[in-house]
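Observations on the model geometry
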Amino acid sequence: MSFLSISYIILNKEKNKNNRKRGTALILIPVFLLSGCGKGQIQDENERFRDYTEALFASEVSSDAVTLHYTLKDPEAFGIRSEAEGFGEITSDPSQLRAAAENMRKVLDGFEYKELDIRNQITYDILDYSAGTAEESADYLLYDEPMGLVSGIQTQLPVILSEYQLYDREDVEDYLRLMESTPEYFESLIEFEQKKSEAGLFMADYAAETVVEQCNAFLGMGEGNYLYSTFKDRVNKVKELSEKEKSDYIQENALMMEDYIYPAYQKLISAVKDLMGTGENEKGLCFLPDGKEYYEILVKQSTGTDRTVRELEDLTRRQITEDLEAMEAVVGTTAEDAKETMAKSGQEDAEIILGKLEAGIRNAFPESPETELKIKYVPSEMEEHLSPAFYMIPAIDNTGENVIYLNQSKMGDDLTLFTTLAHEGYPGHLYQTVYYEGTDPDPVRSLFSFGGYVEGWATYAEMCSYYLTPLSKEQAVLLQKNSSIILALYALADMGIHYEGWSRLDTVAFFSSYGITDAETVEQIYELIIGSPANYLKYYIGYVEFLELKKEWFRKQEEPSQKEFHDAVLTTGPAPFEIVEEYMWDILEEKKK
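The paragraphs below set out a description of the structure included in this document. This is a predicted model, so every value here is computed, not measured.

Definitions and cut-offs
Residues numbered from 1 in each chain as written. Predicted model: local features only at pLDDT ≥ 70, side-chain atom pairs only at ≥ 80, totals over all residues. Heavy atoms only, no water. Pairing = 2+ DSSP bridges. Helix = DSSP H or I, 4+ residues; strand = E, 2+ residues; numbered from the N terminus. Axes fitted to C-alpha atoms, helices over the stretch in contact; angles between N-to-C directions. Contact = heavy atoms within 4.5 Å. Salt bridge = Lys/Arg side-chain N within 4 Å of Asp/Glu carboxyl O. Buried < 20%, exposed > 50% of the residue type's maximum accessible area, 1.4 Å probe, protein only. Phe/Tyr/Trp six-rings, centres within 6.5 Å; stacked < 30°, edge-to-face > 60°. Lys NZ or Arg CZ within 6 Å of the ring centre and 35° of its normal. Expected span 1.5 Å × (residues − 1). Core = buried A, V, L, I, M, F, W, Y, C linked by side-chain atoms within 4.5 Å.

Right, let's talk about the sheet that holds strand E3 (residues 401-406) for a bit. Strand order in the open sheet formed by 3 strands is E1-E3-E2, with mixed pairing between adjacent strands. Each edge of the open sheet is held by one strand with a lone partner, namely strand E1 (372-377) and strand E2 (389-392). Ignoring strand direction, the axes of neighbouring strands in this sheet form an average angle of 20°. Where E1 and E3 come together, 6 bridges link them in parallel fashion. Looking at E3, one finds that lysine 376 is bridged to tyrosine 405.

Another point: the environment of alanine 493. With respect to the helices and strands, the residue alanine 493 is situated in helix H18 (residues 473-500). Sequence spacing of alanine 493 and phenylalanine 511 is 18 residues, and the spatial spacing of their C-alpha atoms is 8.6 Å. Beyond its immediate chain neighbours, meaning those up to four positions away, alanine 493 contacts Trp502, Phe510, Phe511 and Ile529.

In this structure the tally under the stated criterion is 26 salt bridges. Here glutamate 45 makes a salt bridge to arginine 48, at a shortest N to O gap of 3.0 Å. Of the two residues, glutamate 45 and arginine 48 both sit in helix H1 (residues 41-61), 3 residues apart, roughly one turn of that helix. In this structure glutamate 45 comes out as buried when scored by relative accessible area, which is 5%. Taken together, the shared-partner salt bridges connect Arg105, Asp128 and Glu135 into one network.

We now examine unusual backbone geometry. Here the bond from tyrosine 426 into proline 427 is cis, since omega is 0°, no more than 30 degrees from zero. Note on placement: proline 427 falls in the loop between helix H15 (414-424) and helix H16 (429-437). A positive phi angle, near 60°, is found at aspartate 440, a position not held by glycine. Taking the relative accessible area as the measure of exposure, aspartate 440 reaches 64% and is therefore exposed. A positive phi angle, close to 70°, is found at alanine 534, a residue other than glycine. Relative to the helices and strands, alanine 534 is located in the loop between helix H20 (519-531) and helix H21 (535-556).

This part takes up the packing of aromatic side chains. Within the structure shown, the criterion is met by 37 aromatic pairs. Measuring from centroid to centroid gives 5.5 Å for tyrosine 175 and phenylalanine 231, while their planes differ by 20°, and the two rings are stacked. Separated by 56 residues along the polypeptide, tyrosine 175 in helix H6 (residues 169-180) and phenylalanine 231 in helix H9 (residues 226-235) bring together distant segments of the chain. Among the residues examined, tyrosine 175 registers a relative accessible area of 0% and is labelled buried. Since its relative accessible area comes to 0%, phenylalanine 231 is described here as buried. Taken together, a centroid distance of 5.2 Å and an interplanar angle of 75° make the contact between phenylalanine 510 and phenylalanine 511 edge-to-face. In this pair, the class of phenylalanine 510 matches that of phenylalanine 511, namely buried. Within the aromatic cluster, the residues linked to one another by ring pairs are Phe365, Tyr426, Tyr431, Tyr435, Tyr453, Trp457, Tyr460, Phe546 and Phe577. Over the ring of tyrosine 175 we find arginine 234; its NZ or CZ atom is 4.9 Å from the centre of that ring. Over the ring of tyrosine 499 we find lysine 292; its NZ or CZ atom is 4.7 Å from the centre of that ring.

Under the 1.5 Å per step criterion, the end-to-end length of helix H8 (residues 205-219) is 21 Å for 15 residues, consistent within 8% with the ideal 21 Å. Tyr206, Ala207, Ala208, Val211, Val212, Gln214, Cys215, Ala217, Phe218 and Leu219 are the residues of H8 that are buried. Close packing links the buried residues of H8 with helix H5 (153-162), H9, helix H10 (243-275), helix H19 (504-512) and H20.

In this structure, Leu161, Val172, Tyr175, Phe218, Tyr295, Leu421 and Phe511 are the most contacted members of the largest nonpolar core, which totals 193 residues. If you tally residues by element for this core, the top one is H18, at 15 residues.

This part covers the environment of threonine 439. Turning to its location among the elements, threonine 439 is positioned in the loop between H16 and helix H17 (451-465). Apart from residues lying up to four places away in sequence, threonine 439 is in contact with Arg119 and Thr571.

Everything listed is a geometric property; what it means functionally is a separate question.
What follows is the structure, given as structure tokens:
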């Protein structure tokens, strides 16, 4: 590999971007196959399949209060009248997962695949794929880490509570019951961690210390905790409540905090401290029994690619080479010049930047439905422990309301803010979500999480945004390729640590070979990767897979169009990349017709 002077690779310490995602692993419990009637056989098969997916959706979305409320604003409009409660289930029982997967396969076998239309074939393939990955991962449930350092339950639960929308009195009552169920949910989390410990799979002590720090940061907010203020703001907007009722609910929320939320966190801290020292492995997953096999499954699930880890390492190195060659071709500009150009353009607030991004993408991206967006800021007490930014996925029947959280402590400069808003907003998460929901997809698709597609698209959007800044083309190329390379190094380090068995020293040596010699920063990267395996792969491999799809698109099309490419992959929707690659051509033809 020919390397440019590695001084071009500018490390951004705050660029470890991570995003939100509601819930944990979905365990699908298929319902009985429903019969249907139609005017013709093909129509009948499509109707039968949609009857099944609608019933499946209703069953799964009602499994817990959080999934139901965050997925649907108006469940009754979908024929759902559920008394869903709690946060959901954390299970270590592989038989439950295997049975669900087996039942899913049996139901799918009852349909004539070739008689389904394109959209239903995509959904069928996704259900079949998910059943397969469930079967593969059934024996590795205890390898999962719900208290991951990047987006674990301990940091995500307060955000989930603070963004729980209150539309009417029933929502307020449901919310208070949800708070009351927190100790029970944390108890199931503690039991899960105890089982991990018994199996020799508990986290390393330094990871456990970070979890404790994150919990203490939440408790340390005291009376200034944002779960007081956000509840007050939300309940005051419920029109059907009297002023007396609002006041009573605000007091009840405060009691719930004191009686349930805080004690649950205190008990979790105590349990984690008790389990410290039981973790038998402080290195990568490959040092655990069958850890290498688990990592292969985790990578497949996280990225949505069917490539092997070795193939992904090769793909990453090839992309690094391409990026370095592009940087070598840039003459007469430096990173310092580019940053100075951004600084001279003037400080702009988030709303103005998002407006510029929305306008700037119109030539290369299809128009999306109109929507509204609120920018919120991470509480200062939690800035150290939350991501640089995250987008809250709206209910599928309420995509007109969107929220992006910004962590101001990690917005190092104007360029970081600009590209972060592209990742979370336009043409990233917000745009992708609203556009896809505007295609009227099967609701059951909303229950599946394909991190490689979702985070890969947002990273692709972020990389595109460099060319919408005030930077010259040369400056944009320099900084965009640099950003791509940094993320590639994180991805290689993830695979190196968890698959190849790199030690801390190996990781330091790897980054040093690219001119990154800040030992403290590399130490932080190492511990983040240990605490959240395959996390960086969602972003980088997902991004590169979109680049590969785009190359294929331009090779096969006589008059290739970026807008048509974006339309095809966005309409296909979140899915494994092999499914996106197969159907994007059919979507194109369907659009043309």
